[in-house]
Amino acid sequence: TAQAINRDSLRSAIETAMARSDWAAIDRAAAALRAATQAAPGRSDAWLQYDLAYALHRRASALIIEDRARDARTMLEEAVAAAGRARTLGGGAAAQALEGAVTGQLAGATGGLGHGRASLRLLDEAVAAAPNDPRVAMLNGITRVNAPAFAGGGAARGEAELRRALRLFETDRSATPLPTWGRVDAHI
């Protein structure tokens, strides 16, 4: 379908832009996804909602690295909402894990303890629902590495989950419309 072709090309554009640190390209992809999710068919498409959250997550991550957390906040709030819509529309554990990871980024950007708790709860539920999904494990691992130990995070727990994600990626055969990204992230 036209949506699947658009989705695949935008996903590829986001990954290429990330590799090149081409933030303008990610902004264009996010704008295209935002428009697609506001049109009638896109409002009920879990994977277009997911991709919007994913694009915003990628862009906000770059802003946080640039020490521009304040600029990332609005983007992260939009990403949390889009991932939540994706989950509600049938995106399952994959969407819930992205929602949890982005909520964790929002906690880091705002210092919000409530966001941190919500993040880890969403991730725990996603892992329980899809224990063999490598993207769920990867997002859980990255979030745990960055979460404080007293809250259920820490380097040891996060690293163990990232190693588990790498093992799961060895046999991952996800295909559109499911997300296919994350192997490189788990290695990094």
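A few points on the structure. If you're wondering where the values come from, they're calculated on a predicted model, not measured in any experiment. (Residues numbered from 1 in each chain as written. Predicted model: local features only at pLDDT ≥ 70, side-chain atom pairs only at ≥ 80, totals over all residues. Heavy atoms only, no water.)

**Description of unusual backbone geometry**
To keep it simple, the criterion reads: Numbering goes from the N terminus for both helices and strands, where a helix is a DSSP run of H or I of at least four residues and a strand is a run of E of at least two. A 1.4 Å probe rolled over the protein chains alone gives each residue an accessible area, and that area as a share of the maximum for its type sets the label: buried under 20%, exposed over 50%, partly exposed in between.
Although it is not a glycine, Ser21 adopts a positive phi angle of roughly 55 degrees. Its location among the elements puts Ser21 in the loop between helix H1 (2-20) and helix H2 (23-38). Residue Ser21 is classed as partly exposed on the basis of its relative accessible area of 42%. Not every positive phi belongs to a glycine, and Asp67 is a case in point at roughly 65 degrees. Considering the arrangement of structural elements, one finds Asp67 in the loop between helix H4 (46-65) and helix H5 (69-110).

**What to know about the packing of helix H7 (residues 134-146) against helix H8 (residues 155-169)**
This is how it is decided: Geometry is summarised by axes, namely lines fitted to C-alpha atoms with helices restricted to the contacting stretch, and by angles between N-to-C directions that run from 0 to 180 degrees. Roughly parallel means an angle under 35 degrees; roughly antiparallel, over 145; roughly perpendicular, 65 to 115; everything else is oblique. Handedness of a crossing is defined here by the sense of rotation of the near helix relative to the far one, left-handed for an anticlockwise turn of less than a right angle and right-handed for a clockwise turn. Contacts between residues were defined by any pair of non-hydrogen atoms, one from each residue, lying within 4.5 Å. Only Asp, Glu, Lys and Arg are considered charged in this grouping, and only Ala, Val, Leu, Ile, Met, Phe, Trp, Tyr, Cys and Pro are considered nonpolar; every other residue, Gly among them, is considered polar.
Interhelical geometry of H7 versus H8 gives an angle of 160 degrees and a closest axis separation of 7 Å. It follows that H7 is roughly antiparallel to H8 by the angle criterion. With respect to the hand of their crossing, H7 and H8 are arranged in left-handed fashion. Contacts between H7 and H8 involve Pro134, Arg135, Ala137, Met138, Asn140, Gly141, Ile142, Arg144 and Val145 from the former and Ala155, Arg157, Gly158, Glu159, Glu161, Leu162, Arg164, Ala165, Leu168 and Phe169 from the latter. Across the contact of H7 with H8, the residue classes tally to 10 nonpolar, three polar and six charged.

**Focus on the pattern of salt bridges**
What counts, and what does not: Within this document, salt bridges are pairs made up of a side-chain nitrogen of Lys or Arg and a carboxyl oxygen of Asp or Glu, the two lying within 4 Å of each other.
Going through the model one piece at a time under the given rule, you end up with 14 salt bridges. Glu15 is paired through a salt bridge with Arg58; the nearest N and O atoms lie 3.7 Å apart. Here Glu15, found in helix H1, pairs with Arg58, found in helix H4; they are 43 residues apart in sequence, far enough to count as distant. Its relative accessible area of 7% is what places Arg58 among the buried residues. Arg164 serves as the salt-bridge partner of Glu161, at 2.9 Å between the closest nitrogen and oxygen. Of this pair, Glu161 and Arg164 both sit in helix H8, three residues apart, which is roughly one turn of the helix. Sharing partners across several salt bridges, the network here consists of Glu15, Arg58 and Asp185.

**Observations concerning the environment of Asn146**
Filter applied, for reference: The term polar contact refers here to a pair of N or O atoms within 3.5 Å; inside protein, the definition further demands a hydrogen-donor-capable atom paired with an acceptor-capable atom, and it admits residues adjacent in sequence only when both atoms are side-chain atoms.
With respect to the helices and strands, Asn146 occurs in helix H7. For the pair Asn146 and Leu63, spaced 83 residues apart in sequence, the C-alpha to C-alpha distance is 16 Å. Within the structure, the side chain of Asn146 is placed 2.9 Å from the backbone oxygen of Ile142, a separation counted as a polar contact.

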